[in-house]
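Read off the chains here:
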Amino acid sequence: MNDAPATPVAPALTVLADEAAYAAAVQLAVDAAATYYGDGTSPLDDDAYDRLVRGIEAYEAGHPDQVLPGSPTGKVAGGAVTGDVPHTVPMLSLDNVFDPAGLERWAAGLERRLGREVTAWSVEPKLDGLAISVRYRRGRLVQLVTRGDGAAGEDVSHAIGTVVGLPGTLTEPVTVEIRGEVMMTAAQFADACAKRQAHDGTTFANPRSAAAGTLRAQDRPYACELTFFGYGALPLPPGDASDLADRLRTLPHSRIMDQVAAWGVQTTAATPVAGVVAATVPEVQARITEIAEARATLPFGIDGIVVKADLADDQARAGFGSRAPRWAIAYKLPAVEKITKLIAVEWNVGRTGIIAPRAELKPVEIDGSVITYATLHNAADITRRGLMLGDHVTVYKAGDIIPRVEAPVVHLRTGDEQPIAFPEVCPNCGAAIDTGQERWRCVRGRACRALASITYAAGRDQLDIETLATSRIQQLLDAGFITDFADLFTVTREQLLTLERMGATSADKLLAAVEAARSRSLSRVFCALGVRGTGRSMSRRIARRFGTMEAILAATAEDLRAVDGIGPEKAPVVVEELAELRPLIDKLVAAGVNMTEPGVVPATASGTADGAAAGPVAEPPLAGMSVVATGTMTGPLAELSRNQVNELIERAGGKASSSVSARTGLLVAGEKAGSKRAKADDLGVRIVTCEEFAALVADFR
Ligand code: IVH
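Residues numbered from 1 in each chain as written. Predicted model: local features only at pLDDT ≥ 70, side-chain atom pairs only at ≥ 80, totals over all residues. Heavy atoms only, no water.

Draft legend 1. Broad picture of the overall build of the chain. Scanning the chain from N- to C-terminus turns up 22 helices and 23 strands. Computed over its C-alpha atoms, the radius of gyration of the chain comes to 29 Å, within 12% of the 27 Å expected for a compact globule of 701 residues. Its C-alpha atoms put the chain at 90 × 60 × 50 Å along the principal axes. Buried residues in the chain amount to 50% of all 701 residues. Looking at the chain alone, contacts between residues at least 24 apart form 69% of all its contacts between residues at least 6 apart. (Helix = DSSP H or I, 4+ residues; strand = E, 2+ residues; numbered from the N terminus. Rg over C-alpha atoms; globule rule 2.2 N^0.38 Å. Buried < 20%, exposed > 50% of the residue type's maximum accessible area, 1.4 Å probe, protein only. Contact = heavy atoms within 4.5 Å.)

Draft legend 2. Inspection of the site of the ligand at higher detail. Close contacts around the ligand come from 14 residues, with Glu124, Arg147, Glu181, Tyr231 and Lys308 the closest. In this structure, a nitrogen atom belonging to the ligand sits 3.1 Å away from a main-chain N or O atom of proline 125. Among the secondary structure elements, those contributing two or more residues to the shell around the ligand are β3 (121-127) and β11 (302-309). Considering every element that reaches the shell around the ligand, the biggest residue donor is β3, with 4 residues. (Near = heavy atom within 4 Å. Polar contact = N/O pair within 3.5 Å; in protein donor to acceptor, adjacent residues only side chain to side chain.)

Draft legend 3. Examining the packing of helix α15 (residues 522-529) against helix α16 (residues 536-546) more closely. Two numbers describe how α15 lies on α16: the axes approach to 8 Å, and their chain directions differ by 130°. Relative to α16, the element α15 lies oblique. When you trace α15 past α16, the crossing you get is right-handed. Residues Leu522, Ser523, Phe526 and Cys527 of α15 pack against Arg536, Ser539, Arg540, Ile542 and Ala543 of α16. For the contact of α15 with α16, a count of residues per class yields 5 nonpolar, 2 polar and 2 charged. (Axes fitted to C-alpha atoms, helices over the stretch in contact; angles between N-to-C directions. Parallel < 35°, antiparallel > 145°, perpendicular 65-115°, else oblique. Left-handed = near helix turned anticlockwise from the far one by under 90°. Nonpolar A, V, L, I, M, F, W, Y, C, P; charged D, E, K, R; others polar.)

Draft legend 4. Layout of the environment of alanine 421. Mapped onto the secondary structure, alanine 421 falls in the loop between β17 (404-408) and β18 (433-434). By relative accessible area, which is 61% here, alanine 421 ends up exposed. Between the alpha carbons of alanine 421 and arginine 113 there is a distance of 62 Å; along the sequence they are 308 residues apart.

Draft legend 5. Region of the structure containing empty space enclosed by the protein. All chains considered together, the criterion is met by 3 cavities of 30 Å³ or more. The computed volume of the largest cavity comes to approximately 60 Å³. In terms of lining, the largest cavity is formed by Leu468, Leu476, Leu488, Val491, Leu496, Leu510, Leu511 and Val514. No other element matches helix α14 (residues 504-517), which puts 3 residues into the lining of the largest cavity. (1 Å grid on protein atoms, 1.4 Å probe; cavity = no way out; pocket = protein on both sides within 12 Å on 5 of 7 lines; lining within 4 Å. Points joined across faces, edges and corners; volume = space filled by probe spheres on them.)

Draft legend 6. Up close: the packing of helix α11 (residues 450-458) against helix α12 (residues 470-478). In contact at an axis separation of 10 Å, α11 and α12 are set at 130° when each is read in the N-to-C sense. Taken together, the axes of α11 and α12 lie oblique to each other. Crossing of α11 against α12: the hand is right-handed. The segment α11 lies against α12, with Ala450, Leu451, Ile454 and Thr455 engaging Thr470, Ile473, Gln474 and Leu477. Taken together, the residues of the contact of α11 with α12 sort by class into 5 nonpolar, 3 polar and no charged.

Draft legend 7. Highlighting the side chain of asparagine 643. Within the secondary structure layout, asparagine 643 lies in helix α20 (residues 642-651). Given the relative accessible area of 3%, asparagine 643 is considered buried. In this structure, asparagine 643 is in contact with Asp461, Arg524, Arg536 and Arg540, ignoring residues within four places of it in sequence.

Draft legend 8. Local environment of the sheet that holds strand β21 (residues 655-657). If you walk across this open sheet you meet the 4 strands as β21-β20-β22-β23, and the pairing is parallel. Only two strands of the sheet have a single partner each, and these edge strands are β21 and β23 (686-688). Across the sheet, the mean angle from the axis of one strand to that of its neighbour is 30°, orientation sign disregarded. The pairing of strand β22 (residues 664-669) with β23 spans 3 bridges and is parallel. When the sheet's bridge partners are listed, leucine 666 is paired in β23 with arginine 686. Packed onto the sheet, α20 meets β20 (626-630) and β21 and runs at close to 145° relative to β21. (Pairing = 2+ DSSP bridges.)

Draft legend 9. Representation of the pattern of salt bridges in the model. This model, assessed by the stated rule, comprises 35 salt bridges. The shortest N-O distance in the salt bridge between lysine 332 and aspartate 303 comes to 3.7 Å. One end of the pair, lysine 332, is in strand β12 (residues 328-332); the other, aspartate 303, is in strand β11, with 29 residues separating them in the sequence. Relative accessible area serves as the criterion here: at 10%, aspartate 303 is assigned to the buried category. Across the salt bridge formed by aspartate 586 and arginine 582, the nearest N and O atoms sit 3.3 Å from each other. Residue aspartate 586 and its partner arginine 582 are located together in helix α19 (residues 570-590), separated by 4 residues, close to a single helical turn. Owing to a relative accessible area of 39%, arginine 582 belongs among the partly exposed residues under this scheme. A single network of salt bridges, built from pairs that share partners, joins Arg441, Arg446, Arg532, Glu577 and Glu580. (Salt bridge = Lys/Arg side-chain N within 4 Å of Asp/Glu carboxyl O.)

Draft legend 10. View of the side chain of arginine 179. Mapping arginine 179 onto the fold places it in strand β8 (residues 176-183). Classification of arginine 179 by relative accessible area gives buried; the value is 9%. Among the polar contacts made by the side chain of arginine 179, one reaches the side chain of glutamate 177 at a distance of 2.8 Å. The residues touching arginine 179, leaving out its near neighbours within four places in the chain, are His87, Thr88, Val89, Pro90, Met91, Ile132, Ser133, Phe228, Gly230, Tyr231, Gly232 and Leu234.

Draft legend 11. Main features of the packing of aromatic side chains. Scanning the model with the defined rule gives 7 aromatic pairs in all. Between tryptophan 106 and tryptophan 121, the ring centres sit 5.6 Å apart and the planes meet at 50°, which makes this aromatic pair tilted. In this pair, tryptophan 106 sits in helix α3 (residues 100-114) while tryptophan 121 sits in strand β3, placing the two residues 15 residues apart along the sequence. As far as the burial class goes, tryptophan 106 and tryptophan 121 line up, both buried. (Phe/Tyr/Trp six-rings, centres within 6.5 Å; stacked < 30°, edge-to-face > 60°.)

Draft legend 12. Looking closely at the sheet that holds β12. Taken in spatial order, the 5 strands of this open sheet run β2-β12-β11-β3-β10, and their pairing is mixed. The open sheet is flanked by β2 (96-97) and β10 (276-278), the only strands paired with a single partner. For β3 and β11, the ladder comprises 7 bridges, and the chain directions are antiparallel. Counted as the bridge partner of leucine 127 is isoleucine 302 from β11. Strand contacts of α3: β2, β3, β11 and β12, with the helix running at about 175° to β12, the strand carrying the most contacts. Contacts from helix α8 (residues 281-294) reach β3, β10, β11 and β12, with the element oriented near 25° to β3.

Take it as geometry only, folks, not as evidence of what the structure does.
In structure tokens, the structure reads:
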């Protein structure tokens, strides 16, 4: 769920008590801006810098006579940097809004100024990198210039040839200046960190600072790749005799971006967050929501959404302020990266025996939640990043993703940092560790965490074995009656009666619950296996696709990729996991556990098990539709858990989702359906009651 755009994110300000505090704050901000816009090694994260500048602004508003000439307020790049290549047209900044109300106020203000409605808004991601001006003469890339102080920048043409998205030659011999953002994708960042690590044992703090450092570096013995996305084009004097300059002055922004892409320069058009044109402010808002929701899944950083009046005439009439154009605004999204301190590293053993390091952090607030723990992936990753205890680290969290430590902030080291100790034996059971793969694993594999695996398998959303508490599972393990959850199906009444606190009634109850579990649907049995990367809804999709366990086991990685949500990375993992789980599955089959999905025609070698595609079966009512159930289910759905409602949605051909977006096809609104209902309403999503929904899917219950 991501309701980021609805949350006001204007950062609080640093309160400055007196003139001395003000002067110190100005100095700190100027220094931070110089490194931020320079080599990227700022000691402050974005939020901390914003708070500082707001504090400076507030102090200056109250003490106009004390404003220092060096103050960063009202200046491009905080006035920190300059250069010696003058810009043809100043490279300005953007003003910010933080919530829908701010956006509406800004749009209304612009329309008042224009004296008419804006009928075309361009909505684009705000790419989190560095602004750059790119000069092409007669179609050839000749110069790269940083933004600098907005009036003049630094020549960084040495980077030509290392920037993906900036071809050396355009498809037409035009003379033009393209403006856009230079950044590093996640893969480029990982590669750059590895290269720097190999070179001097340090790393970059985050993709933005890695891009800043790389763009300016001239004498590094290693080369790192960068990425460019264009967001504007203007005539470059002295131009040629063509009418290009006129076209660039009169075409709508969106058409100019089409032209930039046609010349062969990368724009966001090919990404999931392509620029679009919206006719109204609510449409703009809807696209903002979509982009915000896509943020966590993008392979590059964005820190907001840029909304621009699309038509050249609107832009010309609106004009520019001293720092920013009046026809564009940045809708800022909450910062998803902060700097904090790495206090300790814990090693936890997961259900499958994987030994994963977890960082304990000095608590830090990111996007509305306080982060105390973050994942560190694996031991190799710690080494690759050169992390040390006591390091300041960048921590990233967006949307639903698990917070992760990105990198140490090497220039903040004091010398007191300590190496991170790696375990020598399994921290759970003391057995040896298999370090053959990047992900370390207890040599006992799943058996190491049998209790957790069996508890999971018996859980409500899997086999739903009522009355089987974790303490009971522990007893069964201790007695040697079970080693995995398949053994539950062969435990005898006599065995149960030997356990402490187990009377005849409890034993019979438990045996009946186990018996009931024997006929659970394939999707639940599959989910109970705990295959890495497959939770409840993925298990349902797999079961519906293949119909039987036999078909799932026969599937290749390629076959598995036909399942929504299984990509090239996950597919081979599933195949590998299933091979490992094969003895357990065989045991389940031998115990007579159901291995088919009700209502699904088993897959043939050539095709799908999906009812929808299997031939004579009619198209299910929710085919291909994303459906969200929210609020307390009532009436005919009252007895169902949320998981069971989701199962029902998927049996009826839909895709159960927990968040509402423009792609949502249907919302099932129970009692007290709150913000999701309101959002669905705003987006014009069809909303049904529990009764209506039950009738719609009656054939699938
Ligand atoms: S348009 C006249 N569009 O954000 C300024 N800027 O905070 C027009 N940025 O300096 C800029 N993505 O470096 C524009 N789609 C986008 C952008 C974008 C990122 C950067 C740009 C600008 C900064 C302002």
